[in-house]
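# Structural overview
Here are the chains, one letter per residue:
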Amino acid sequence: MKTERTSLARHEELEEVWGAPPGLGALSSVNHTTVGKRFIVAALIFFLIGGVLAMMIRTQLATSGNAFMEAGIYAQVFTMHGTVMMFLFAIPMLEGFAFYVLPKMLGARDMAYPRLGAYAWYCYLFGASMVVFSMLIGMAPDSGWFMYTPLSSGRFSPGIANDFWLIGITFAEISALCGAVELVATILRMRAPGMKLSRMPLFAWYMLVTAAMMLLGFPPLILGSILLELERAFGWPFYDPTLGGDPVLWQHLFWLFGHPEVYIIFVPAAGMVTVMVVTFASRPVVAYRWVVASVVSIGILSMVLWAHHMFTVGLSLPSSTFFSVASTLIAIPTSLQFFIWIATLWCGRVRWETPMLFMAGFFITFIIGGLTGVMIALVPFNLQVHDTHFIVAHLHYVLVGGMVFPVLAAAYYWLPHFTGRMPARHLGKVSFWLIFLGFHLTFLPMHLTGLAGMPRRVHSYSPDSGWDVLNLVSSVGGFVQAVGFAVFVIDVIMHVRVGRIAPRNPWGAGTLEWAMPTPAPSYNFASLPDVQDENPLWEHPEIPDEVASGKYWLAAPPEGRRLTLSVEVGSGRPENIIVLPGSSWWPLLAAMATAGFFTGVLLKFYFGALAALAVTIALILRWAWANGARTDAGEVQANADVYLPLHFEHADGAPGWHGMVYTLVADAAVLGSLIFGAIYLWVLAPSWPAPVVAQAPLVLLPGLALAWAVVFLGMRMARPFSGAGPRHERAMAGVSIQVLALLCALALAGWSLKGLPAGNTHAQSALVSALLWYGIIHLMVSLLMCAFLMARWRAGFVSERRRLEPRVIWLFTNYSLGSSLLCATLAVLMGH
């Protein structure tokens, strides 16, 4: 009884610290469980919206000459269907699931940046709502979910319909990048003590590769959208071939994102499959290291085969050959995973629960999609079926087979964890057979209509084409599939309300998320367990009871602080204790201000947009001011005989440092995409050279280099990190030197814009201006951050032990000066 009372008291203490505020205060919650559930529910709602749009498409195409929708409405519907499913459902659903389950699998109490996760959620919600709102007011984009130029340009698509897409999707992509940074930091730094990389749950490996692909794959689309919005709003002709642009540049930037996105969707779903295969085979996965190698290989190859979507644009023979071979090669690591799954099931004792049915549907459907993928990787065949319904069929076999079926399996598998109740067997099986049969009835005939020549994106076709029967079959199958999804939704609702109470670990899984009560408490673990095995609950079934009794790490009373561990990347050895922030309104307020900025840009109300941006920056600075401490805490007890520093007194292993590194990886991907676009137009675009060449002044290069040297000198002066006395004054002088040097660099970069031809005269001038503005924006941010650092230093937040903030800010400052110098060099070269 004493142990039970102690466990209960520990639970009450932790719940008081980690729990969400009641009522409307729940909107300020930053807990990963709450944020993950919000992502999942919102993504499900958008999936249902996308499904309704899909049924409208199938109704229109059911018969030839159908008048259900006219061509303009049909264009809006298929554009919104693809947009909703690709951007507003697939990635947010997987990201939300990872937010929910990963810390629990890894043995952590939360994600690395809880407030950033809450901000990401609100950015997704506001950006997605902006896109859907365009449809409600009859101003939905109609240029396709891929927004190909020149159709999507201002000349051929006036109005703000396409601006809704460009701005809303960019807003939502901010959410995805925030989530990617948080996932990488959490996986690498916030695992259970002793959990080496070689002992991580395989789902964590899948999500690590996915997050890395997001950091590198999303920036090209964000940059491409910004450039297209600049062209539509100000006439900067990045994609206009008459003024030195090239519409094919948009395709490169879009598919630099678009093809990795296919694997960004598939890889997390494959990770879910791996977890469930291991559980229902009741044995560890066969060839753990080969699974990791195959996933990493998929991540690398997915980044280098984007142009296999572009075989018909006139690629050179060597380029077409390279992308064709790369597209075929990626089938090897993908196939390897399937063989490992089959071998694991073959060597185990398979239990055919409802999730296994959906996984069987995944195996069959995705293999068919993979085979057609190898077919269209071959250039001669691709040229024949490009832009036909064969491609539509392939796309859906890959995305629905590779993502939707695993997600449905995962829903039935992890629902007991979400709700503490077991799903019903019979409705789940009915749902599976309706979805499975309806899907194949819908999309299998599309291979035939595509081979018969039916093009994509047409709202009507002739009765003489011979496509009526196949299209009617597809439409009937679509509605059968819709009924299956409706049964699934009903099943989930009934499960939540009347499902029988689930026992702990109802599937007999070996991963840590089942070591806690269900539904999960807000703090996940009463104490953080030591992990020495890939499936700890199989090797040590006593872990759940020992965690609750406080046997492991951070079992002491929390004293009002949200504490979790940070570990060394490779070994999993505990390095410091992370103090996580509690519930806060700052993420919501900052997201609302960010929404104001994007709304101002959408409405061409640029003064209002700048005002909203200023408010956003002010809110983020206020948010950041609440972090840190004004006094040294020293080492804190983490276990019975182990004491560790708090994270802001251990700069090398702190989440802030790592978050900045991963953020700069994404930033560098934006810069790389901009440089790629500049060189591409410079070398390959028509209408070059420009009639009037934009020439950045040569003095900009030595000026920026000198400023960088002075900033570096200021950093050296501030190195003692002292908070008082003469060393403190020297540190303040060092930071002041940095601020002055950045001011001079900013003034020089701003002066270099003076005298350039207007950006709307030629793509060369637009590119030079874009390169210089990239540097100016980063210098402005660095200046603001250094001024913020000076204020924090004076307020006592920096000392010899508490040196995290200077290291993070100086990392960004060095990147800003280096990237500004690189941009200036390219701008000078393009004008001389």
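This one's a predicted model, so the numbers in the text were calculated from it and none came from an experiment. (Residues numbered from 1 in each chain as written. Predicted model: local features only at pLDDT ≥ 70, side-chain atom pairs only at ≥ 80, totals over all residues. Heavy atoms only, no water.)

### Describing the overall build of the protein
Definition in use: Secondary structure elements follow DSSP: runs of H or I no shorter than four residues count as helices, runs of E no shorter than two count as strands, and numbering proceeds from the N terminus. Radius of gyration here uses only the C-alpha atoms, and the compact-globule reference equals 2.2 Å multiplied by the residue count raised to the power 0.38. When accessible area is computed with a 1.4 Å probe and restricted to protein chains, residues below 20% of their type maximum are described as buried, those above 50% as exposed, and intermediate ones as partly exposed. Contacts are assigned to residue pairs with any non-hydrogen atoms lying within 4.5 Å of each other. Where accessible areas are quoted, they stem from the Shrake-Rupley method and a 1.4 Å probe; at the residue level, only the protein chains shown are allowed to cover. By the counting scheme adopted, Arg and Lys are positive, Glu and Asp are negative, and His together with the chain ends is not counted. Charged side chains are reduced to one point each, which is NZ for Lys, CZ for Arg, CG for Asp and CD for Glu.
Within the protein, the regular secondary structure consists of 24 helices and four strands. Relative to the globule expectation of 28 Å for 832 residues, the C-alpha radius of gyration of the protein, 27 Å, shows essentially globular dimensions. Oriented by its inertia axes, the alpha-carbon framework of the protein measures out at about 90 × 80 × 50 Å. Out of the 832 residues in the protein, the part that is buried amounts to 60%. Taking the contacts inside the protein whose residues are at least 6 apart along the sequence as the reference set, 81% of them involve residues at least 24 apart. If you sum the accessible surface of the protein, you get close to 30,500 Å²; carbon and sulfur atoms cover 71% of it. In the protein, the 45 positive side-chain charges and the 42 negative ones have mean positions that sit 5 Å from each other.

### Remarks on unusual backbone geometry
For the peptide bond that leads from Thr149 to Pro150, omega is 5°, which places it in the cis range. Here Pro150 shows up in the loop between helix H4 (114–136) and helix H5 (161–189). Between Thr518 and Pro519 the backbone carries a cis peptide bond, its omega angle lying at -5°. Inspection of the secondary structure assignment puts Pro519 in the loop between helix H15 (468–498) and helix H16 (536–539). In this structure, Asp387 is a non-glycine residue whose phi angle is positive, near 60°. Inspection of the secondary structure puts Asp387 in the loop between helix H12 (379–385) and helix H13 (389–419). Under the relative-accessibility criterion, Asp387 is labelled partly exposed at 30%. Notably, Ser687 is not glycine yet its phi reads approximately 65°, a positive angle. Looking at Ser687, the relative accessible area reads 36%, which means it is partly exposed.

### Some points on the pattern of salt bridges
Note the threshold: Salt-bridge detection follows one rule: a side-chain nitrogen of Lys or Arg within 4 Å of a carboxyl oxygen of Asp or Glu.
Under the counting rule described, the total for this entry stands at twelve salt bridges. Between Lys604 and Glu229 there is a salt bridge, with its nearest N and O atoms 3.7 Å apart. Of this pair, Lys604 sits in the loop between helix H18 (586–602) and helix H19 (606–625) while Glu229 sits in helix H6 (residues 202–234), and the two are 375 residues apart along the sequence. Since its relative accessible area comes to 9%, Glu229 is described here as buried. The shortest N-O distance in the salt bridge between Arg792 and Glu805 comes to 2.6 Å. Remark: Glu805 occurs in helix H24 (residues 804–830) and Arg792 occurs in helix H23 (residues 763–794); sequence separation between them is 13 residues.

### Thoughts on the packing of aromatic side chains
As a reminder, the rule being used: Only Phe, Tyr and Trp rings are paired, with Trp represented by its six-membered ring, and only when their centres lie within 6.5 Å; those with planes under 30 degrees apart are stacked, over 60 edge-to-face, the remainder tilted. For a lysine, the NZ atom is tested; for an arginine, the CZ atom; a charge sits over a ring if that atom is within 6 Å of the ring centre and within 35 degrees of the ring normal.
On inspection of all chains with the given rule, the structure shows 61 aromatic pairs. With a centroid separation of 5.1 Å and 70° between ring planes, the pair formed by Phe47 and Phe485 is classed as edge-to-face. Remark: Phe485 occurs in helix H15 and Phe47 occurs in helix H2 (residues 32–61); sequence separation between them is 438 residues. Here a set of aromatic residues connected by ring pairs shows up, and it is made of Phe87, Trp145, Phe146, Tyr148, Trp165, Phe218, Tyr239, Trp250, Phe254, Trp255 and Phe257. Above the ring of Trp625, the side-chain terminus of Arg792 is found at 5.1 Å from the ring centroid. Between Arg792 and the ring centre of Phe797, over which it is positioned, the NZ or CZ distance is 3.6 Å.

### Some words on the side chain of Gln738
Here Gln738 lies in helix H22 (residues 725–753). Here Gln738 is in contact with Val711, Gly714, Met715, Ala718, Cys786 and Trp810, once residues within four sequence places are set aside.

### A word on the packing of helix H3 (residues 71–106) against H6
Any two packed helices are characterised by the angle at which their axes cross and by the distance between the axes. Quick reminder of the rule: Throughout, an axis means a line fitted to C-alpha atoms (over the contacting stretch in the case of helices), and angles, computed between N-to-C directions, take values from 0 to 180 degrees. Each angle is binned into one of four classes, with values under 35 degrees roughly parallel, values over 145 roughly antiparallel, values of 65 to 115 roughly perpendicular, and all other values oblique. Here is the rule for handedness: rotate from the far helix to the near one, and if that takes an anticlockwise turn smaller than a right angle the crossing is left-handed, while a clockwise turn gives right-handed.
Put simply, H3 and H6 touch, their axes get as near as 11 Å, and they point 140° apart. In terms of orientation, H3 lies oblique with respect to H6. Where H3 crosses over H6, the handedness of that crossing is left-handed. Contacts between H3 and H6 involve Phe87, Ile91, Glu95, Phe97, Ala98, Val101, Leu102, Met105 and Leu106 from the first element and Phe203, Ala204, Met207, Met214, Phe218 and Leu221 from the second.

### Let's talk about the environment of Ala611
Checked against the element boundaries, Ala611 lands in helix H19. By relative accessible area, which is 38% here, Ala611 ends up partly exposed. For the pair Ala611 and Phe436, spaced 175 residues apart in sequence, the C-alpha to C-alpha distance is 51 Å.

### Describing the environment of Val531
Take Val531: it is sitting in the loop between H15 and H16. For Val531 and His309, which are 222 residues apart along the polypeptide, the C-alpha to C-alpha distance reads 44 Å. If we skip the residues at most four places from it in the chain, Val531 touches Ala192, Pro193, Gly194, Met195, Arg199, Leu512 and Pro536.

### Examining empty space enclosed by the protein
Where empty space is left in the structure can be found by rolling a water-sized probe over the atoms. Threshold: Note on definitions: the grid is 1 Å and covers protein atoms alone; a cavity is a set of points where a 1.4 Å probe fits but cannot get out; a pocket is an open set with protein on both sides within 12 Å along at least five of seven lines; lining residues have an atom within 4 Å of a point. Grid points are joined across faces, edges and corners, and a volume is the space filled by probe spheres set on the points. In this classification, Asp, Glu, Lys and Arg are treated as charged, Ala, Val, Leu, Ile, Met, Phe, Trp, Tyr, Cys and Pro as nonpolar, and every other residue, Gly included, as polar.
In the structure shown here, the tally under the stated rule is five cavities of 30 Å³ or more. Approximately 120 Å³ is the volume attributed to the largest cavity. Lining the largest cavity are 13 residues, and of these Leu202, Val275, Val278, Thr511 and Asn535 sit closest to its centre. Every element with two or more residues in the lining of the largest cavity is listed here: H6 and helix H7 (247–281). The dominant element in the lining of the largest cavity, judged by the number of residues it contributes, is H7, at four residues. A breakdown of the residues in the lining of the largest cavity according to their chemical character gives seven nonpolar, five polar and one charged.

### Thoughts on the packing of H3 against H4
Packing of H3 against H4 leaves a shortest axis separation of 11 Å and a crossing angle of 165°. As judged from the angle between their axes, H3 and H4 are roughly antiparallel. For the element pair H3 and H4, the recorded crossing hand is left-handed. On H4, the residues that touch Met80, Thr83, Leu88, Pro92 and Phe99 of H3 are Gly117, Tyr124, Ala128, Val131, Val132, Ser134 and Met135. Broken down by class, the residue content of the contact of H3 with H4 amounts to nine nonpolar, three polar and no charged.

### Points about the pairing of strand S4 (residues 642–645)
The side chains of a regular strand alternate, residue by residue, between the two faces of the sheet. Where we set the bar: A pair of strands is considered paired only if DSSP assigns at least 2 bridges between the two.
Pairing between strand S3 (residues 635–639) and S4: four bridges, direction antiparallel. Within S4, the residue paired with Val636 across the bridge is Leu644. Taken together, S3 and the strand that follows it, S4, pair antiparallel across an intervening segment of two residues.

Bear in mind that shape data such as this cannot, by itself, settle questions of function.
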